[in-house]
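# Notes for the structure review
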Amino acid sequence: MNNLKKRYIYIQEQIRSHDYEYYILDRPSIPDHQYDELFKELKQIELAHPDWVTSESPSQRVGIKPSTDFATFKHFKQMLSLANAFNADDIKNFHDRIVKNLGNKEQIEYFCEPKMDGAAVSLIYERGILARGVTRGDGTIGEDITSNIRTIRSVPLLLKESQNSFPDLLEVRGEIFIQKSDFDTLNLKAKEKGEKVFANPRNAAAGSLRQLDPAVTSSRPLAFFAHGIGTCQGHEFTDLEQIFSTFSSWGLPVNNYNKLVTSIDECLHYFHDIEAARENIPFEIDGVVFKVNKLSLQKQLGEIARSPRWAIAHKFPAEEVHTEIEAVDFQVGRTGILTPVAKLKTINVGGVNVSNCTLHNLDELNRLDPRVGDGAVIKRAGDVIPKMVKVIPKKRNRAAAIQAPKKCPSCGSKTIFNYQAEWLVMNINNSKPVKKFSSNYEAQKYLDDQQSSQLNIVENRMNTPFLKCSGGNNCPEIFQGKFTHFVSRKAMDIDGLGQEILYTLINKKYINDFADIFSLKEHRAELEKLERFGQKSVENLIQSIDQSVSVELHKLIFSLGIEEVGETTARNLANVFKSMEALQNATFQDLIEVPDIGPRVATKIIDYFCNIENITSVKKLLRHLSISNPNINDVNEEMKFLGLQIALTGKISPMSRDEVKNLLLSGGAKVTSSISKKTDCLIAGENAGSKLEKAKALGVRIIDATELTDFINDPKTFL
Ligand code: IVH
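Rules used in this analysis
Residue positions within a chain follow its written sequence, with the count starting from 1. This being a predicted model, a pLDDT of at least 70 is required before a residue's local features are given, and a value of 80 or more before pairs of side-chain atoms are given or counted; all residues contribute to the totals for chains, interfaces and linings. Computation of side-chain values covers all heavy atoms of the structure but excludes hydrogens and water. Relative accessible area decides the class of each residue, using a 1.4 Å probe on protein chains only: under 20% of the type maximum gives buried, over 50% gives exposed, and in between gives partly exposed. In DSSP terms, a helix is any run of H or I states spanning at least four residues, a strand is any run of E spanning at least two, and both are numbered starting from the N terminus. Contacts are residue-level and defined by heavy atoms, with any inter-residue pair within 4.5 Å sufficient. Stacked, tilted and edge-to-face are the three classes applied to pairs of Phe, Tyr and Trp rings, where Trp contributes its six-membered ring and a pair requires centres within 6.5 Å; stacked means planes under 30 degrees apart, edge-to-face means over 60, and tilted covers the rest. In this analysis the charged atom, NZ for Lys or CZ for Arg, is taken to sit over a ring once it is within 6 Å of the ring centre and within 35 degrees of the ring normal. One heavy atom suffices: a residue is near a molecule or strand as soon as one of its heavy atoms comes within 4 Å of it. Polar contact is defined as a pair of N or O atoms within 3.5 Å, subject to the rule that within protein one atom must be able to donate a hydrogen and the other to accept it, and that residues adjacent in sequence are counted only when both atoms are side-chain atoms. Using a 1.4 Å probe, the Shrake-Rupley method yields the accessible areas, and only the shown protein chains count as cover for residues. Side-chain classes are defined by residue name, with Ala, Val, Leu, Ile, Met, Phe, Trp, Tyr, Cys and Pro counting as nonpolar, Asp, Glu, Lys and Arg as charged, and the others, Gly among them, as polar. Strands are labelled as partners when DSSP assigns at least two bridges between them. Handedness of a crossover: with both strands directed away from the viewer, a clockwise path from the first strand across the helix to the second marks it as right-handed. The set of buried Ala, Val, Leu, Ile, Met, Phe, Trp, Tyr and Cys residues whose side-chain atoms join them within 4.5 Å is what this entry labels a nonpolar core. Every axis in this analysis is a line fitted to C-alpha atoms, fitted for helices over the stretch in contact. Angles between the N-to-C directions lie between 0 and 180 degrees.

## Brief notes about helix α19 (residues 567-577)
For α19, a buried count of nine out of eleven residues is recorded, marking the element as mostly surrounded by other parts of the structure. In this structure, the buried residues of α19 make contact with α18 (553-559), α20 (580-584), α21 (588-592), α22 (599-610), α24 (657-666) and β25 (670-672). Following α19 by one or two positions, K578 adopts a phi angle in the positive range, close to 65°.

Written out as structure tokens, the structure is:
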């Protein structure tokens, strides 16, 4: 080897070592200008000897812009997510289950880590060389973002030599993130340039990773911490502590706040210590993670439904922030209900800009009594919608209380209280009620059974705290809302009919009825002439309408927007009646025998199908559709949730609420939206509210977030 080549290799090693000191240890040993000179020399040599340059050279971090989108990559092993815990009880339950599962044999060590608020990635090293970087994606398939990962200075392109030999294949899993101070600078620069600012470091990190041009990613201050291992060939590990110390010796960045403990109480101490230090930790975290340290025990515990039984995230409580109330508006939904919404001075809560906060109904409005100019405390956790915790009344010249509107803000029709009716069977002699029913049908049936001339029925209407617009289809908000719901993803799923296009077609009277959507192609030439439409977009629109023609029965039922008929009820109806015609002909008695349907919902369904406008509209619609019924609930004795009535509440993770619901339904469960004595258990996620209280009061078994995966695996052991 000639001297220049020796020098070239030496400079590469020097730069790598300085990168490690600077980006990973945060302890540079040379001044910046010396580093720049080394880099300059490296580039000069490479210019003279391009054949010496390999992809591991520190000069090769920023590659060329790929011409197409990112390729997808199937992970060797699924990238799991973590179940969440919100309090010490959840954590103790987590530990108790582990002890039980392992047969009480050993003392369990836990590896404690901060829960980084960034983007998860998988980095694949082949014999020490970074070969690939992939996003988490859906956990099974991610996007190949190798060229962007290579630009991140704390990700070594080549692992550091050490006494440990490199594995043939090593998959390092971890988090890409942006430090708080770097984030502030990034946003400041964006603001100066008049560009869009990021709401939080997590969005900025994830967005930067998905830039097609690696030069853009390179300009973003991204950092990396390893927090796990995927596939590993050619090296054996026994526990997490060893994995992370080996990672460090290979030059991979590992979080300094990690700690090994020997009891669950120490885990709780760790949580409090990190929570206390949170402000001063230079990067965003949203909790801590506890992992069983020994890999053999992890293996024994296994995983369920995309999350390991051996790990849990202990989340910090929801952040609360102060802001100011600028107005309180009433928004009209598709059912005509008016919801009071506070307009706030925009504030960042838990990394998301919040400027609206629902106040739900008039009771909540009266309880909080928010007025223009008042202060407000807003709380938001995870993906949960912001909640107004408290109003801080303005000291002087406080504005007038918000009045419930007498007219609909959208169409000016009179507002009425949405009432709930009950039917009282009265004794006509003493005018005293004998029995109360929630439907006229049941009251009538009782009267018929009694065959007494001394009884009659009286309807009693009780106002709910919900105001309603009386305009019906004449109210634009109700009319548009009905169609927005009809085309939405969980309903007919017509993605070509986005809000703007939909509203234009409604305003131009091309859509007056559900069936009109399916006749739009007859107006193709006219539509192409409309402003912002054009040939291509009309083509896309017609294509997506054509695709929606074959529809599953439960989606069709849901799309009609019958009051009180949500997704679950629609599924149950589809399973029982099997066709739209049978549903239309169902009697009250037929309906209340369907799981999750009580007299109130049955009455709404009967009312819907008694209305002549609805009958004609559904009849016309059916001519265009081809309906299937996959019958996911067909009874099968082997189904593990068969016979169980299960309710869900709060934000459920790591699986989405829909995933959990579908899993339960396909296992034969009845999934209900309300709690009653018949409920076998309540699955309670984050921010569970009144349902949780009711379940406690009724003594219904509660499955918390930490138990969910075990419950799904083996419900019998829980009930
Ligand atoms: S371990 C075995 N450790 O949280 C479970 N994840 O819900 C795999 N995260 O997608 C993850 N900090 O992006 C683990 N110290 C940490 C973490 C962490 C943040 C993220 C990660 C993952 C999500 C899990």
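Now, onward.
## Describing unusual backbone geometry
The phi angle at D493 is positive, at roughly 55°, despite the residue not being glycine. Tracing the backbone through its elements, the reader meets D493 in the loop between α13 (476-487) and α14 (499-507). For K509, which is not glycine, the phi dihedral falls at a positive 65°. By the secondary structure assignment, K509 is in the loop between α14 and α15 (514-517).

## Some remarks on the packing of aromatic side chains
In this structure the tally under the stated criterion is 22 aromatic pairs. The interplanar angle of 70° and the centroid separation of 5.0 Å between the aromatic rings of F479 and F483 together place this pair among those described as edge-to-face. Highlighted residues: F479 and F483, both in helix α13, separated by four residues, approximately one helical turn. No difference in accessibility class separates F479 from F483, as the two residues are buried. Three or more aromatic residues joined by ring pairs make a cluster, and in this case those are F111, F166, F237, F244, F247 and W250. Sitting above the plane of the Y20 ring, K160 keeps its charged end 4.2 Å from the centroid. Across the ring face of F514, the terminal group of K482 is positioned such that the distance to the ring centre comes to 5.4 Å.

## Some remarks on the site of the ligand
Taken together, 15 residues are adjacent to the ligand, and L82, E113, M116, E175 and K291 come closest. One of the side-chain nitrogen or oxygen atoms of E175 is found 2.7 Å away from an oxygen atom of the ligand. Calculation on the ligand without its partners gives an accessible area of 520 Å², and the protein chains cover 86% of this total. If you list the elements that add at least two residues to the shell around the ligand, you get β3 (110-116) and β10 (285-292). Of all the elements, β3 adds the most residues to the shell around the ligand, at four residues. Of the residues that constitute the shell around the ligand, the class distribution is eight nonpolar, two polar and five charged.

## Side note on the environment of I683
Within the fold, I683 resides in strand β26 (residues 681-684). Take I683: its relative accessible area is 2%, and that puts it in the buried class. Separated by 34 residues in sequence, I683 and T649 have C-alpha atoms that sit 6.2 Å apart. With residues up to four places along the chain from it excluded, the contact list for I683 reads I646, A647, L648, T649, I652, V660, L664, I703, L708 and F711.

## A few points about the pairing of strand β24 (residues 645-649)
Judged by how many residues are buried, β24 sits mostly within the fold: five of five residues are covered. Pairing geometry for β24 and β25, over three bridges, is parallel. Bridge assignment links A647 to a residue of β25, and that residue is T672. Viewed along the sheet, the connection from β24 through α24 into β25 turns out right-handed. As judged from the four bridges shared by β24 and β26, these two strands associate in the parallel manner. Residue T649 lies in a different strand from β26, and its bridge partner there is A684.

## Observations regarding the nonpolar core
One finds L505, I517, L573, M580 and I605 to be the most contacted residues of the largest nonpolar core, which totals 52 residues. Among the elements that take part in this core, α22 stands out by supplying five residues, more than any other. Beyond its immediate chain neighbours, meaning those up to four positions away, L505 contacts L497, Y510, I511, L520, L527, L530, F533 and L541. Listed in part, the 33 residues of the second largest apolar core include V121, I149, L157 and V254.

## Looking at the sheet that holds strand β27 (residues 701-704)
Spatially, four strands are ordered β25-β24-β26-β27 in an open sheet, and the strand pairing comes out parallel. If you trace the sheet from one side to the other, it starts and ends with β25 and β27, each paired once. Averaged over all pairs of adjacent strands, the angle between strand axes in this sheet comes to 30°, irrespective of strand direction. Two strands pair when backbone bridges link them, and β26 and β27 are joined in this way by four bridges, in the parallel orientation. What sits directly across from I683, in β27, is I703. Relative to the sheet, α24 contacts β24, β25 and β26, its axis offset from that of β24 by approximately 180°.

## Re the sheet that holds strand β9 (residues 259-261)
Ordered in space as β2-β13-β10-β3-β9, the five strands form an open sheet in which the pairing is mixed. Edge positions in the open sheet fall to β2 (84-85) and β9, since each of these has one partner strand only. Bridge analysis of β3 against β9 gives three bridges, and the strand direction is antiparallel. Among the inter-strand pairings, C112 is bridged to a residue of β9, identified as K259. Contacting β3, β9 and β10, helix α8 (residues 240-249) runs over the sheet at an angle of about 55° to β3. Taken strand by strand, helix α9 (residues 264-277) contacts β3, β9, β10 and β13 (311-315), and its axis lies near 160° from that of β10.

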